[in-house]
Amino acid sequence: MTDLTIRPFFWRPTNLFPETRLLSRTRDGIVDTSYGEFGTRVRSLLAALADRDFGSGDRIGTFGWNHHRHLETYYAAPLSGAQLHTINVQLGDDDIVFIVEDAGDDILFVDPGEPFETIERLWSDLPVERVVVMDETAPETDIDAVAYEDLIAESDPITDEEMPDLEEDFPAGMCYTSGTTGRPKGVEYTHKMIYAHAMMVMTPAGLDISERDVVMPVVPMFHVNSWEFPYAATMAGATQVYPGPSPSAADLLELIEREGVTMTAGVPTVWIDLLEHVDEHGGDLSSLERVVVGGSAAPEEMMRRYEDEFDVTVEHAWGMTETMSIGSVSRPKARMDDVDRSQKYEKRRKQGLLSPGLEMRVVDDDGEDVAWDGEAAGELWVRGPSVITEYYNRPQANEDDFEGNWLKTGDIVTVDEDGYVEIVDRAKDVIKSGGEWISSIALENALMANPDVVEAAVIGVPHEKWQERPLATVVTAEESDSDEDQLRAHLEETLDQPDWWLPDEIRTVDRIPKTATGKFDKQGLRDELDVDDAETADR
Ligand code: AMP
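Everything numeric in this text was worked out from a predicted model, so none of it was measured.

Side note on the pairing of strand β10 (residues 214-217)
Alright, step 1. Side chains Val214 and Met216 of β10 all project onto a buried face; the interleaved residues Val215 and Pro217 project onto the opposite face, where all are buried too.
Alright, step 2. Bridge count between β10 and strand β11 (residues 239-242): two bridges; the pairing is parallel. Paired with Val214 across the strands is Thr239, a residue of β11.
Alright, step 3. In this sheet, strand β12 (residues 263-266) lies alongside β10 in parallel orientation, the contact comprising three bridges. Residue pairing for β12: Met216 is matched across the bridge by Thr264.

Set out below in structure tokens:
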């Protein structure tokens, strides 16, 4: 018996589907390649890594979007015995430096353009030896940078016999997730975890991916292994379309039309945008059969529109970085085939049925399991072979967020009689906007660092396009005459985060409600401001 590693994920498509196409949108246009070519290039990259003594015990950071070179690195890094650490290109400078340092990345594979410029700007703070620019050539620069294509060209592909030995418990992947307080937390994946999860995702009870699909993973490759498509869809031998740097709705539509995409996946904002684009400019979605939507709750209206107007099924999925993405999918059970549509939507807008291989508990404040009655709420705990049991290097979080091998998800849920999970609240004080986290506490601390601000509490407010946007409330000092513009300018100056972190509104209030223990009572604040059904202006 062999260990559960990703090696067969590489073997299968390269040997059984060498002609199947892999398409990749790059800055220079669409690159049309195949699994056969992918196999040769990964082997060359493995040779180049071996020549530089990269392998077991090393971490290879990547800082880029979805394209064929990134896919090749997804394989070459773990197949070399090293660990692939995907870094979110949309983070603020501080977090990027922190994450690269915390993980101790040895080398970074970076996209040309903005991602490269970011790394170049931060270079003196980054403890990294060199950069591989995922492009034909490397730009003129003072930092130690080599072009990806030069690496591929310089080495002969290694043979099966030359492939390094792997063990299933080798670290293979890593991804940071936003912490409620403090810095992002590292989540590590072993080969065995990726194996287990990719298999789970491939099954009909997961996302049912087959060789017949033309899959376009829109969820970025820096987010939880792009929900496992690079492993599951590759293993399945599906045709894949990688949509490249910051794809717009127009880019996605063009790829769907041109390549006949049958299945795609991403956060709701992306699919809302695509609908708007098609409304305005027209477009042909006739090849599309399924859109996997997760990361935030899929709005029912959007689901209905895809189904009614384009005959596309929206598969609503839930997952976390800690569960290696997809942990549940919501589909009506077979025995509901004959019930009416609205009853089906009752189920489909929930987060759904736990994926095969996982187990769950829903635990109330007293540590008791709640009834599956669709009413009683508690925290969702999950465990399984693809769920982490500790964070990298975070003793306190490890004490707080796990109970034995159960992960406490921080999602407050109900479970109905049929076993469908529905998220009704979030125990973690964070805001998820367009699939990206914003820390309320970081915003509050930045606001309270202003001498004119006595107290600040930030909450997430529902938003049609971004799902949630931050709303800040502040109590200002009596003698202060700071207005919203000044406070916004203060945040812009002091908060080392991208613009989309800035609250849509900073509202001055007389007081912020508190809990019995003196903490901000965010639910009380939400009730007072009556924001749960409100919608903020477009950011
Ligand atoms: P991340 O680790 O960034 O993938 O975020 C995971 C968190 O996103 C979960 O714990 C949920 O709070 C939220 N989330 C993921 N999928 C959904 C969904 N389908 N509906 C509502 N919230 C979701």
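And the narrative resumes.
So, the sheet that holds strand β4 (residues 83-86)
Alright, step 1. Spatial ordering of the open sheet is given by β7-β6-β5-β3-β4-β8-β9, a layout of seven strands whose pairing is mixed. Both edges of this open sheet fall to β7 (145-147) and β9 (185-190), since each of them pairs with a single strand only. Averaged over all pairs of adjacent strands, the angle between their axes in this sheet comes to 25°, without regard to strand direction.
Alright, step 2. Pairing of strand β6 (residues 130-133) with β7 involves three bridges; the strand directions are parallel. Opposite Val131, over in β7, you have Ala145 as the bridge partner.
Alright, step 3. Taken strand by strand, helix α4 (residues 93-103) contacts β3 (59-63), β4 and β8 (171-177), and its axis lies near 150° from that of β8.

So, the nonpolar core
Alright, step 1. Membership of the largest hydrophobic core comes to 84 residues, with the highest contact counts inside it found for Tyr75, Phe109, Leu207, Ile209, Phe229 and Tyr231.
Alright, step 2. Here this core takes eight residues from helix α2 (residues 35-51), the largest share from any one element.
Alright, step 3. Not counting residues up to four positions away in its chain, the partners in contact with Phe229 are Leu207, Ile209, Val215, Pro217, Thr234, Gln240, Tyr242, Met263 and Ala265.
Alright, step 4. Grouped together as the second largest cluster of nonpolar side chains are 28 residues, Ile256, Leu285, Ala298 and Phe310 included.

Criteria and thresholds
Residues numbered from 1 in each chain as written. Predicted model: local features only at pLDDT ≥ 70, side-chain atom pairs only at ≥ 80, totals over all residues. Heavy atoms only, no water. Buried < 20%, exposed > 50% of the residue type's maximum accessible area, 1.4 Å probe, protein only. Helix = DSSP H or I, 4+ residues; strand = E, 2+ residues; numbered from the N terminus. Pairing = 2+ DSSP bridges. Axes fitted to C-alpha atoms, helices over the stretch in contact; angles between N-to-C directions. Contact = heavy atoms within 4.5 Å. Core = buried A, V, L, I, M, F, W, Y, C linked by side-chain atoms within 4.5 Å.

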